[in-house]
Protein chains: 6
Amino acid sequence: MATKGTVLIVSAHAGDFVWRAGGAIAAATARGERAVVVCLSYGERGESASQWLAGKSLEDIKALRRSEAEAAAAALGAEVEFLDAGDYPLLPSRELLDQLVTIYRRVQPTVVLTHPLLDPYNGDHPAAAKLAIEARILAQAIGYDAPGEVLGAPPVFFFEPHQPEQCDFKPDVLLDITAAFPAKQKAMECLPAQQHMWDYYTSLAVRRGVQVKRNAGPNLGLPVDTKGEAYMRFYPQVTEVLE
Amino acid sequence: MATKGTVLIVSAHAGDFVWRAGGAIAAATARGERAVVVCLSYGERGESASQWLAGKSLEDIKALRRSEAEAAAAALGAEVEFLDAGDYPLLPSRELLDQLVTIYRRVQPTVVLTHPLLDPYNGDHPAAAKLAIEARILAQAIGYDAPGEVLGAPPVFFFEPHQPEQCDFKPDVLLDITAAFPAKQKAMECLPAQQHMWDYYTSLAVRRGVQVKRNAGPNLGLPVDTKGEAYMRFYPQVTEVLE
Amino acid sequence: MATKGTVLIVSAHAGDFVWRAGGAIAAATARGERAVVVCLSYGERGESASQWLAGKSLEDIKALRRSEAEAAAAALGAEVEFLDAGDYPLLPSRELLDQLVTIYRRVQPTVVLTHPLLDPYNGDHPAAAKLAIEARILAQAIGYDAPGEVLGAPPVFFFEPHQPEQCDFKPDVLLDITAAFPAKQKAMECLPAQQHMWDYYTSLAVRRGVQVKRNAGPNLGLPVDTKGEAYMRFYPQVTEVLE
Amino acid sequence: MATKGTVLIVSAHAGDFVWRAGGAIAAATARGERAVVVCLSYGERGESASQWLAGKSLEDIKALRRSEAEAAAAALGAEVEFLDAGDYPLLPSRELLDQLVTIYRRVQPTVVLTHPLLDPYNGDHPAAAKLAIEARILAQAIGYDAPGEVLGAPPVFFFEPHQPEQCDFKPDVLLDITAAFPAKQKAMECLPAQQHMWDYYTSLAVRRGVQVKRNAGPNLGLPVDTKGEAYMRFYPQVTEVLE
Amino acid sequence: MATKGTVLIVSAHAGDFVWRAGGAIAAATARGERAVVVCLSYGERGESASQWLAGKSLEDIKALRRSEAEAAAAALGAEVEFLDAGDYPLLPSRELLDQLVTIYRRVQPTVVLTHPLLDPYNGDHPAAAKLAIEARILAQAIGYDAPGEVLGAPPVFFFEPHQPEQCDFKPDVLLDITAAFPAKQKAMECLPAQQHMWDYYTSLAVRRGVQVKRNAGPNLGLPVDTKGEAYMRFYPQVTEVLE
Amino acid sequence: MATKGTVLIVSAHAGDFVWRAGGAIAAATARGERAVVVCLSYGERGESASQWLAGKSLEDIKALRRSEAEAAAAALGAEVEFLDAGDYPLLPSRELLDQLVTIYRRVQPTVVLTHPLLDPYNGDHPAAAKLAIEARILAQAIGYDAPGEVLGAPPVFFFEPHQPEQCDFKPDVLLDITAAFPAKQKAMECLPAQQHMWDYYTSLAVRRGVQVKRNAGPNLGLPVDTKGEAYMRFYPQVTEVLE
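Worth saying up front: this structure is predicted, and the values here are computed from it rather than measured.

About the cut-offs
- Residue numbers run consecutively from 1 along every chain, following the written order of its sequence.
- The lettering of chains begins at A and the numbering of ligands begins at 1, in the order of writing.
- Where totals are concerned, whole chains, interfaces and linings use all residues; where local detail is concerned, this predicted model gives features only for residues with pLDDT of at least 70, and gives and counts side-chain atom pairs only at 80 or more.
- No hydrogens and no water enter the side-chain calculation; it runs on all heavy atoms of the structure.
- Working definition: with a 1.4 Å probe on protein chains only, accessible area under 20% of the residue-type maximum means buried, over 50% means exposed, and in between means partly exposed.
- Helix and strand definitions follow DSSP, with helices as H or I runs of at least four residues and strands as E runs of at least two, each counted in order from the N terminus.
- Criterion used throughout: strands pair if DSSP finds at least two bridges between them.
- What sets the superposition is a least-squares fit of C-alpha atoms, and only residues with pLDDT of at least 70 in both copies go into it.
- What makes two residues a contact is simply this: any of their non-hydrogen atoms within 4.5 Å.
- Accessible area that two parts lose when put together, evaluated with a 1.4 Å probe and summed over both, is termed the buried area.
- By convention in these notes, a salt bridge is any Lys or Arg side-chain nitrogen within 4 Å of a carboxyl oxygen on Asp or Glu.
- Under the rule applied, a polar contact is a pair of N or O atoms within 3.5 Å (in protein, one hydrogen donor and one hydrogen acceptor; residues adjacent in sequence only if both atoms are side-chain atoms).
- All axes here are fitted lines through C-alpha atoms, helices being fitted over the stretch that makes contact, and every angle between N-to-C directions spans 0 to 180 degrees.

## Here's the deal with the pairing of strand 4 (residues 111-114) of chain C
Moving residue by residue along a regular strand, the side chains alternate between the two faces of the sheet.
All names here are of chain C.
Piece 1. The alternating pattern of strand 4 places Val111 and Leu113 and Val112 and Thr114 on opposite faces, both of which are buried.
Piece 2. Here four bridges tie strand 1 (residues 6-11) to strand 4, and the two strands are oriented parallel to one another. Paired with valine 7 across the bridge in strand 4 is valine 111.
Piece 3. Across three bridges, strand 4 lies against strand 5 (residues 156-159) in parallel orientation.

## A word on the relation of the copies chain B and chain A
Piece 1. With an RMSD of 0.0 Å, chain B superimposes on chain A once it is rotated by 180° and translated 0.0 Å along the axis. Expressed as a symmetry operation, the mapping of one chain copy onto the other fits a two-fold axis. Ranked by how close their C-alpha atoms come to the rotation axis, the residues of chain B are headed by B:Asp172, at 4.7 Å.
Piece 2. Of the residues that chain B buries at the interface, 100% are likewise interface residues in chain A, meaning the two copies contact each other through the same surface.

## So, the relation of the copies chain C and chain D
What connects the two chain copies is a rotation about an axis and a shift along it.
Piece 1. The two copies are related by a screw operation: chain C maps onto chain D through 180° of rotation and 0.0 Å of translation along the axis, at an RMSD of 0.0 Å.
Piece 2. Comparing contact sets, 100% of the residues at the interface of chain C also lie at the interface in chain D, consistent with an isologous, same-surface contact.

## A few points about the interface of chain C and chain D
Piece 1. Between chain C and chain D, the residue contacts involve 34 residues of the former and 34 residues of the latter.
Piece 2. When chain C packs against chain D, the two sides together hide about 3,000 Å² of surface, and 61% of this comes from carbon and sulfur.
Piece 3. Across the contact surface, chain C and chain D share zero salt bridges.
Piece 4. Our enumeration of links across chain C and chain D arrives at twelve residue pairs in polar contact (both at pLDDT 80 or more).
Piece 5. Broken down by secondary-structure element, the contributors of at least two residues to the side of chain C that touches chain D are strand 4, strand 6 (173-176), helix 7 (195-216), strand 7 (228-233) and strand 8 (237-239) of chain C.

## Description of the sheet that holds strand 4 of chain C
Piece 1. Within the open sheet, the eight strands sit side by side as 3(C)-2(C)-1(C)-4(C)-5(C)-7(C)-6(C)-8(D). Their pairing is mixed. Looking at strand neighbours, the two that pair on one side only are strand 3 (79-82) of chain C together with strand 8 (237-239) of chain D, the edges of this open sheet. Averaged over all pairs of adjacent strands, the angle between strand axes in this sheet comes to 25°, irrespective of strand direction.
Piece 2. Across the sheet, helix 7 of chain C lies against strand 6 and strand 7 of chain C together with strand 8 of chain D, angled at about 70° from strand 7 of chain C, the strand it touches most.

## Notes on the interface of chain B and chain A
Piece 1. Facing the 34 residues of chain B at the interface are 34 residues of chain A.
Piece 2. Of the roughly 3,000 Å² buried between chain B and chain A, counting both surfaces, carbon and sulfur atoms make up 61%.
Piece 3. When the area that chain B buries against chain A is broken down by residue, the three leading residues are B:Gln237, B:Leu242 and B:Glu243, summing to 23%.
Piece 4. The interface formed by chain B and chain A includes zero salt bridges.
Piece 5. Where chain B packs against chain A, one counts twelve residue pairs in polar contact (both at pLDDT 80 or more).

## Overview of the arrangement of the chains
Piece 1. Over all C-alpha pairs, chain A and chain C never come within contact, reaching a minimum spacing of 18 Å.
Piece 2. The two units chain B and chain F are non-contacting; their minimal C-alpha-C-alpha distance is 18 Å.

Shown next as structure tokens:
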């Protein structure tokens, strides 16, 4: 609706936004929109097993994850910020919440992407989602004391977790990322320690692409190699046309 | 997506489409789309209490409901067909299903509107919804023996029942019907026996309009008197843009 | 609310009403209300294993189940009717539905008790519940062609199935049946072939009684041997006092 | 059941109890019961947009909201207390929880009203509800160190949120507030900054009143202008009569 | 538990058992168990698009699907029966139900596999599942008039539908089919018209295999190329060991 | 699967593990497995009403509960540890979480038992469950700084709460504890202050035993006095055989 929108991605760890929302981000920036990724932590403890096995120090691991995430964001055409709030566990705090409110007011997102609210395999993901939602609500209130203009009501989408069914993740939006997929692939390749994930998320993009075609119907002429990403809306869609 | 779409509305009784989807229908025809309403029954037994109290015969009641529905459809710019399958109860049958498949193939809808799948107060509504969904699936199969081209995969939306929470109706689409509301109002006035419903559904349109504004955010400049209708999607939305 | 109410119990088989709703029935008749039990079948195939093992004929089994149910109903102070629609499976039909509508109009119940809508162990129970609900809706419509006055809107309660959690049975009403329990016990003893059930349902009454006390609070001075039955409402409670 | 009960209302902000439970409160006090409202905050940041726009100071806003809430409580015949715990966000704390336990023990409510446990639009509402429930449990334990008698087991009702379906709010109690409505109206008029809400909640009372009539049935002779409020039970109802 | 079990697979169409349960079937027969597949229809109308496009007749299509299914069953070491009840729609009937009961009594399965109860894309799948469950209940009743011994209580597992999340399919059993996968692959290759499915279901087996490893834990030494199939239980598991 | 497993039980209060999981624990130790019970608190405030009424001091109550729990654990063949984190409320903290992670790494459980995630009657139970789950996740991460080996992926089972339906507790595992029941009985008798619970949980064991038989089927020859305990899985079962 807005001529030039801004996507805000709230990611628990440094890599999450690449695997789960890389297509949406690349598609937005390709349309000329702004995309801002906020990594609440580097994923230094919970998602860096190979570096710990290699005997790296905490600071080295953080630096590595940061540089990888910066490269991946660049490949997607996105900006990236790091709040370094610590992971495993990612603990909510008044300060972290306030930082997020300030970012919302500064960035003025028209769309927000984050983790779903349930994940039996990773407590940081729901923690990040709750912070993202709570901060969005606070940023809307003129009485909340933070710099910047009051926020509108950007829609919030949850991106796909690793084991979707166990997270009660039922896709209600299937995003066609066929054109954006090469950029996502480049971004994934910025994370060389998780090479097995490249295949995994390519295969998932094919799977979701099959569903894009199945749900769109044959008459739209979608190509054989359609790729997709799945999302859930947290708020009802507002629209002028049912389609 | 299609330049000129076609909306198919599958309605259990002759009046349902007016109260619950009149705004969506009027908006579609105002955009130049085609709208085809299929009334499975006239609502002659279950939704014509005042006529029965007035001592009318079954045939008179059917004729009255038919002419009212024709007038209301005209006010919305829609075509209307009647299958006269009987109501209270509306019983599914192989023949009725086949009639619906044939309509799907003939009309080639790009969007389908019908009742939700649960209604503890009215068994005909879920019966109509199940028929609408089953027929849509059959019409997609080349092996199903009925005239006309095979159907694509039109999205299905459930319109709002009378007591939404009791029907597990959780709106995931809020449709702005502000511009279409005068036409809906005219259509409602074609049903004079249910005058108390005019106010009820106007008040509901205001209530859903408040939610349209609340969920769209203040920055969209929606007018004070925004009107809305609420819908649920049965299949995931397919899109190229998250918004 | 009504000074003298009437309870209608729609039971799939001849014994169901005793085990699951005997307390509620006895309590109602003790208050001077009327109770009418409708057994859709005798449970001759699905719930008469010991008689089949004993080599009884179908007609003998039906007669036995009928006389047992009559005795049990008498012990509860209730009337009982048998529709002999067959069980295992209990098949819905237009005729059976119509019989039920006619009973609703004749009996004019102020409260309805029946099975819950889900039971993975017994398809007849949900079938009976669906018939009971559908017939109640039809009986409310002046246009439905059946003798008798149009029905009001009696609340519907689901009684407890054998394996409640597997049937998504979450009690929202705990009925104190302490005073009515001796009558229920007598009614259970009218079903000698299922003697192991006497203990089972006495133990269940104790268990639900503990919950009655737990949820009522200590200040009500309920006795140590409080007995209970659990129910689910199908429609919202209408009341003038929150309590 | 108790001859003279006491209703405790736990409200996140100063105005919530008026819009959502004003009818229940006025009905209780009209019956001679006591009603005690506890406002955890004044709603000074999250629900006072017009005052912030008018340039008021935090202290002025709190004082204004307090005096309005006092006037509204008086109009409903209720007492009101303010815990001034801050809003947006309302943060749970050991101290706040302890204050609530002390109030429960002092007030000895026979009924508790609070917000539902889910609200995607306002994090303070669920926070208040969780505190109200947790404090109720603690107040029941003799081992919890707080003054006053141990609490019984008062039922807890959730009042209706602004967008009920999005909060998984499925009414299971419809309260007839027809007689209490004039008092609720007076109380609403004590909150002049939210004049648009007067209409909104009057319209909602009509809507819930229609459902009161629909679910009670025609035979009860409810008036045309029946008004209602909707509630959800958190614990099962304990009763001696199914009705 | 039983030394030599028997798996009964109730499949709506001729191909379903291959894609969705081929691994479980091959694993069972490799252990020396018996596997019996019952295809309620050939899938002649709904799942044979390419043959219809090629201008084949109904009888030719049925014959083709039958021979393919026989070959696939052989590759899995399973027997197969065809009830030819028609598809699109697969209509439940007393006769079909009775045929299934007779099969249950004859085959005496110790495990049952079938479709899940919900599928918004294919009405035949839930119809088959409901028949399979209803027939299992009837076959347990001594009073049901059919040849053979009364059935025990075999557990029922739902196999994975094409779009699992849309079918409320939440896997609660992850089956390791690594050793059985070559047989499944051979069976898939017996269905040459759906060659694109070979890849799709191989990719799914990898995906479920990743979850097998993730949920089993690293200490079990599962190989890198672990393959899996996902299932839902319809009844609670009975066991002597929690593991 | 492991030749000699280890069961870890995370219990909010000192008595919980006896009533709810005593059978599973006794069965495990009888098989030669190790069982380690961790009591987060003594239940000194919330579950020691009779001692408070008898005028005991806080320290005396803790000592009493500790010695009872030690005796009960001994009767079950289990070890027991006490973290003394306080109850009513049991407050989560970084320290408590860290203590649990350390225990996980030291004990290396192959199975975990804890409370379910919802309990409207007791906030400590879900608090304990959340801690148990979060600590299990952290203990799996090599980057989490705690002594001991990294944890595998032990399955987590929720044991049965006092009012199962109100806690959304739907048993998906029914454990046969017939052989272990005498040991459970002895353990219960170590808790003399709650003598009324002995009967209550014996009666529950009978009830769950009936369900064990019902779901296992008659062909397994289970004895008349089969006893059971009910559990819910938090993660999907991984298996090589569907049974």
